[in-house]
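Structural description and commentary
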Amino acid sequence: MAKTRTNIERTVDPAAQEMLDRADKLGLGTAFSRADAMPACPIGMGASPKSGICCKNCYMGPCRLVKDGQVGVCGATVDTIAARNLARAVAGGAAAHSDHGRDVAFTLLATAEGHAQGYQIRDEAKLRAVARKFGIPTDKRKKEEIARDVALKAISQFGQQTGELIYLKTAPKKRQERWKKYGVTPRGVDREVVEVLHRTHVGDDQDAEHILQGAIRCALSDGWGGSMIATDLSDILFGTPSPRVGQVNLGVLKDDEVNLVLHGHEPTLSEMIVAAASEPELIAYAESKGAKGINLAGICCTSNEVLLRQGVPSAGNFLNQELALLTGAVEAMVVDVQCIMQALPDLASHFHTKFITTSPKVKIAGGTHMEFDEHKALDQAREIVKLAIDNYPNRGETAIPDYRSDIVPGFSHEYINYMLGGSFRASFRPLNDAIMSGRIRGVAAEVGCNNPRTPHDKSHEFLVRELLKNDVLVVQTGCGALASGKFGYAIGEAALEFAGPGLREVCEATGMPPVLHMGSCVDNSRILTVLTQMAEEGGLGDDISDVPAVGLAPEWMSEKALSIGTYAAASGASVIFGIDSPVGASPEVTRLMTETWDRVLGAKMEFVKTDEEMLQKTLAHIDAKRAALNLPVYDPKRFGRSGDARMLALEELPEAEMADALYGGAK
Ligand code: XCC
Ligand code: SF4
């Protein structure tokens with residue numbers, strides 16, 4: 001019998017708890033209750049040698065390997081199956097991210113050629129910077145001409161058959177050499193995805209290490225290919241993010257306005273909806289229906305995209321999607337691609353909520369399909385907003401939890417440079433110096449999904465809190481970043497109170513917040529750029545694997561997370577996942593992804609069971625990297641107190657006065 005958890009056990013977010021109580025009262029199911037009713041299939045997961053593992057790559061099977069030494073009908077071993085399953089998941093994740101990048105590239109092309117309605121090139125400086133990276137001439141050329149070439153070059157990266165992806169040469173030299181030596185330099189995005197699917201078909205690649213090399217190559221084509229294209233080209237079209245104050249959690253929904261929720265991953269249509277929702281005619285139309293205005297709110301990474309650039313409030317992360325509908329206050333939920341639960345249309349049908357799919361790639365039974373076409377994007381956006389407004393009078397009883405927190409996202413790589421060095425001497429020097437001195441112990445990228453199998457947001461909250469306490473600078477993307485927002489960690493400099501003494505000292509001196517929300521999941525590519533610059537700035541070795549940095553995905557669930565983890569490790573940043581291991585059935589594959597990857601790539605990918613273990617491993621890893629660089633042993637007592645008379649004096653003050661002195665005007 002599956003165990004039913006209480007709502008307090010299911011999530012640490014009080015707003016979410018309120019909505020789960022409401023779901024119980026209304027007799028409606030959610031991912032939380034469904035996860036309780038359906039324990040994860042142990043054989044499908046393949047978490048341990050005891051659990052066994054399952055292969056369904058052909059129909060001589062599916063084969064369930066649960067006994068010692070058992071092989072599949074074709075003779076495939078547990079090692080082969082574990083490696084193949086991981087590789088296929090990586091291909092799925094890389095495909096999703098990259099296809100997103102492809103669509104942004106086509107929108108940029110259409111914009112450059114003047115037939116994308118409503119779009120424009122918002123960041124010409126970034127356009128020129130990307131053009132230079134691509135080797136495209138910029139001198140005395142109109143931005144549309146440059147943009148057209150940039151778009152075409154980006155599009156060519158998907159179908160490129162030979163050579164290497166263009167962004168790879170922006171990685172540290174040593175990294176590029178490691179990739180070549182290990183035979184994992186990606187040639188073209190689509191080619192690497194296809195090759196993994198081919199290699200893992202029945203009767204093909206059956207050497208675990210070799211299969212994993214294919215997975216690495218494919219993942220790199222995501223991180224340094226599709227995702228980087230998505231990030232850069234979105235910046236060109238919609239602006240490179242810089243910090244701005246927004247809000248997050250279900251309490252951003254409004255009782256007296258038309259609530260339109262944007263969910264999924266792509267910024268293209270949602271940006272047009274943002275534009276449409278601010279048109280006076282539509283606002284007046286909303287008022288004519290008795291609403292005070294039009295309130296947009298996001299979920300998942302579409303949320304991050306529009307929060308980052310437009311300040312559109314976020315109704316929360318992955319596990320908030322159903323909870324938003326449970327408020328009864330959502331006139332329409334508009335989805336594009338990825339992380340959209342099929343449970344939504346049915347749940348929406350219990351309320352007045354309209355559920356609208358828009359991507360040519362994503363139809364969901366029970367939803368209304370309004371297919372997106374960039375040539376008339378703004379008109380479509382208006383139509384969607386109007387549909388939501390028309391639905392406002394149908395609203396029944398509502399229950400919006402009164403929880404919302406400020407969040408300050410927008411720390412692009414460009415902005416971090418500017419923040420640390422100023423506009424004349426943009427640089428990462430102060431960050432590297434702070435790590436070298438030991439004021440900052442290291443850097444952790446705390447990212448990734450929610451998963452109803454583990455308490456919602458609990459691991460994100462715990463890790464960020466503990467890392468800050470331990471003087472670790474935290475960078476975030478995706479659902480992890482939105483979790484931090486809920487608990488007040490991603491709030492800019494005001495989060496200093498959570499930072500250890502050394503980290504706080506650095507943040508005070510530079511104006512850098514201790515938690516940097518860098519964007520959506522494709523924006524993990526920004527972290528690659530940051531790590532590259534740290535390696536190249538000097539003092540922290542000369543490759544990403546020298547930098548005391550770790551990636552963490554404690555509540556992961558998607559194939560995209562595995563692709564990100566794999567490209568992070570392959571880029572030299574070790575990663576630690578929570579939940580369970582998808583390769584644990586094979587001690588050999590586990591060994592390859594730790595020992596072997598560490599030897600040949602300088603980083604490993606691990607799966608651990610508890611938050612505490614994840615934290616201890618992270619700190620140990622950072623300290624080991626520090627030791628390898630001959631940096632001083634991290635000592636929290638050295639900074640803040642002894643070195644800084646002002647901080648010492650401040651710490652004697654009662655908390656409220658200290659906060660006032662810190663943030664009140666001293667700066
Ligand atoms: Fe999806 Fe990006 Fe995961 Fe969140 S973190 S659940 S993938 S929305 Ni990317
Ligand atoms: Fe079984 Fe081999 Fe087919 Fe997999 S590929 S299902 S192990 S016969």
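Quick caveat, the model's predicted, so the values are computed rather than measured. (Residues numbered from 1 in each chain as written. Chains lettered and ligands numbered in written order. Predicted model: local features only at pLDDT ≥ 70, side-chain atom pairs only at ≥ 80, totals over all residues. Heavy atoms only, no water.)

Attention shifts here to the overall build of the chain. Looking only at helices and strands, the chain features 27 helices and 16 strands. Its C-alpha atoms give the chain a radius of gyration of 24 Å, within 12% of the compact-globule value 26 Å for 667 residues. Projected onto its principal axes, the C-alpha positions of the chain cover 70 × 65 × 65 Å. Looking at the chain as a whole, 61% of its 667 residues qualify as buried. At a minimum sequence separation of 6, the contacts of the chain that also span at least 24 residues come to 75%. Total accessible area computed for the chain in this model is approximately 24200 Å², and 53% of it derives from carbon and sulfur atoms. Here the chain carries 72 positive and 86 negative side-chain charges, and the mean point of each set is 4 Å from the other. (Helix = DSSP H or I, 4+ residues; strand = E, 2+ residues; numbered from the N terminus. Rg over C-alpha atoms; globule rule 2.2 N^0.38 Å. Buried < 20%, exposed > 50% of the residue type's maximum accessible area, 1.4 Å probe, protein only. Contact = heavy atoms within 4.5 Å. Areas by Shrake-Rupley, 256 points an atom, 1.4 Å probe, with all protein chains shown as cover. Lys, Arg positive; Asp, Glu negative; His and termini not counted. Charge placed at Lys NZ, Arg CZ, Asp CG, Glu CD.)

A separate point is empty space enclosed by the protein. Going through the model one piece at a time under the given rule, you end up with 4 cavities of 30 Å³ or more. Taken as a whole, the largest cavity spans an internal volume of roughly 340 Å³. Taken together, 32 residues make up the lining of the largest cavity; nearest its centre are Ala445, Asn524, Ile527, Gly551 and Ala568. Sorting the residues of the lining of the largest cavity by element identifies strand S11 (442–446), strand S12 (472–476), helix H22 (524–537), strand S14 (549–553), helix H23 (559–570) and strand S15 (574–577) as the ones contributing at least two each. With 6 residues, H22 is the largest single contributor of residues to the lining of the largest cavity. Classifying every residue of the lining of the largest cavity by side-chain character gives 28 nonpolar, 4 polar and no charged. Reported here for the second largest cavity is a volume of approximately 110 Å³. At the level of elements, helix H13 (300–310) and H23 are the ones that each hand at least two residues to the lining of the second largest cavity. Across the lining of the second largest cavity, the residue classes tally to 10 nonpolar, 4 polar and 1 charged. (1 Å grid on protein atoms, 1.4 Å probe; cavity = no way out; pocket = protein on both sides within 12 Å on 5 of 7 lines; lining within 4 Å. Points joined across faces, edges and corners; volume = space filled by probe spheres on them. Nonpolar A, V, L, I, M, F, W, Y, C, P; charged D, E, K, R; others polar.)

A few words on the site of ligand 2. In the vicinity of ligand 2, the contacting residues are Cys55, Asn57, Cys58, Met60, Gly61, Cys63, Gly72, Val73, Cys74, Ala76, Arg84 and Val202. Each residue belonging to the shell around ligand 2 can be placed in one class, and the counts come to 8 nonpolar, 3 polar and 1 charged. (Near = heavy atom within 4 Å.)

Attention now goes to the site of ligand 1. Neighbouring ligand 1 are His265, Cys300, Cys301, Phe318, Cys339, Gly448, Cys449, Cys479, Cys521, Met557, Ser558 and Lys560. When atom positions are compared with the pocket grids, ligand 1 is found to occupy the second largest cavity. By residue class, the composition of the shell around ligand 1 is 8 nonpolar, 3 polar and 1 charged. (Sits in = over half its atoms within 2 Å of the grid points.)

The next subject is the packing of aromatic side chains. According to the stated counting rule, one finds 9 aromatic pairs in the structure shown. Connected via pairs of aromatic rings, a cluster forms that spans Phe411, Tyr415 and Tyr418. (Phe/Tyr/Trp six-rings, centres within 6.5 Å; stacked < 30°, edge-to-face > 60°.)

All right, on to the pairing of S15 then. The side-chain alternation of S15 yields two buried faces, one formed by Ser574 and Ile576 and the other by Val575 and Phe577. Taken together, the 4 bridges between S14 and S15 define a ladder with parallel strand orientation. Across the sheet, residue valine 550 finds its bridge partner in S15, namely serine 574. Considered for its hand, the β-α-β crossover made up of S14, H23 and S15 is right-handed. Bridge count between S15 and strand S16 (residues 605–607): 3 bridges; the pairing is parallel. Bridge pairing links isoleucine 576 to glutamate 606 in S16. (Pairing = 2+ DSSP bridges. Right-handed = clockwise from strand over helix to strand, strands pointing away.)

To continue, consider the coordination of the nickel atom of ligand 1. Reference values for coordination geometry: four tetrahedral donors around a metal ideally subtend 109.5 degrees, six octahedral donors ideally subtend 90 or 180 degrees. Looking at the protein side alone, the nickel atom of ligand 1 has one donor only, Cys521 (SG), at 1.8 Å. Along the chain, cysteine 521 falls in the loop between strand S13 (515–517) and H22. (Donors = N, O, S within 2.8 Å, 3.2 Å for Na, K, Ca; no water.)

Our focus in this paragraph is the confidence of the model for the chain. Across the chain, the average pLDDT comes to 95, with 95% of residues at 70 or higher. The model gives residues 661–667 a pLDDT under 50, and that stretch makes 17 contacts with residues more than four places away or in other chains. (pLDDT = per-residue confidence, 0-100.)

What follows concerns the pairing of strand S8 (residues 354–357). Looking at chain direction, strand S7 (residues 332–335) and S8 are connected through 4 bridges and run parallel. Across the sheet, valine 335 pairs through a bridge with threonine 357, a residue of S8. Between the parallel elements S7 and S8, the chain passes through helix H15 (residues 343–349) in a crossover that is right-handed. Note: S8 against strand S9 (residues 368–369), 2 bridges, orientation parallel. Note that in S9 the partner of isoleucine 356 across the bridge is threonine 368.

An order of S13-S12-S11-S14-S15-S16 is seen for the 6 strands of this open sheet, with the pairing classed as parallel. The sheet is open, and its two edges are formed by S13 and S16, each paired on a single side. The mean angle between the axes of side-by-side strands here comes to 20 degrees, regardless of whether they run parallel or antiparallel. Pairing between S11 and S12: 5 bridges, direction parallel. Among the inter-strand pairings, alanine 445 is bridged to a residue of S12, identified as valine 475. (Axes fitted to C-alpha atoms, helices over the stretch in contact; angles between N-to-C directions.)

What follows deals with the layout of surface pockets. Estimates place the volume of the largest pocket at around 820 Å³. Secondary-structure elements contributing two or more residues to the lining of the largest pocket are helix H3 (31–37), helix H4 (42–45), helix H5 (78–112) and H23. Considering each element in turn, the lining of the largest pocket owes the most residues, 5 residues, to H5. A breakdown of the residues in the lining of the largest pocket according to their chemical character gives 19 nonpolar, 4 polar and 6 charged. Within this model, the second largest pocket holds a volume of roughly 450 Å³. What lines the second largest pocket is a set of 21 residues, among which Lys126, Lys133, His413, Glu414 and Thr529 lie closest to the centre. Within the residue set of the lining of the second largest pocket, elements represented by two or more residues are helix H6 (124–133), helix H10 (208–238), helix H17 (413–421) and H22. Here the residues of the lining of the second largest pocket are counted per class, giving 5 nonpolar, 8 polar and 8 charged.

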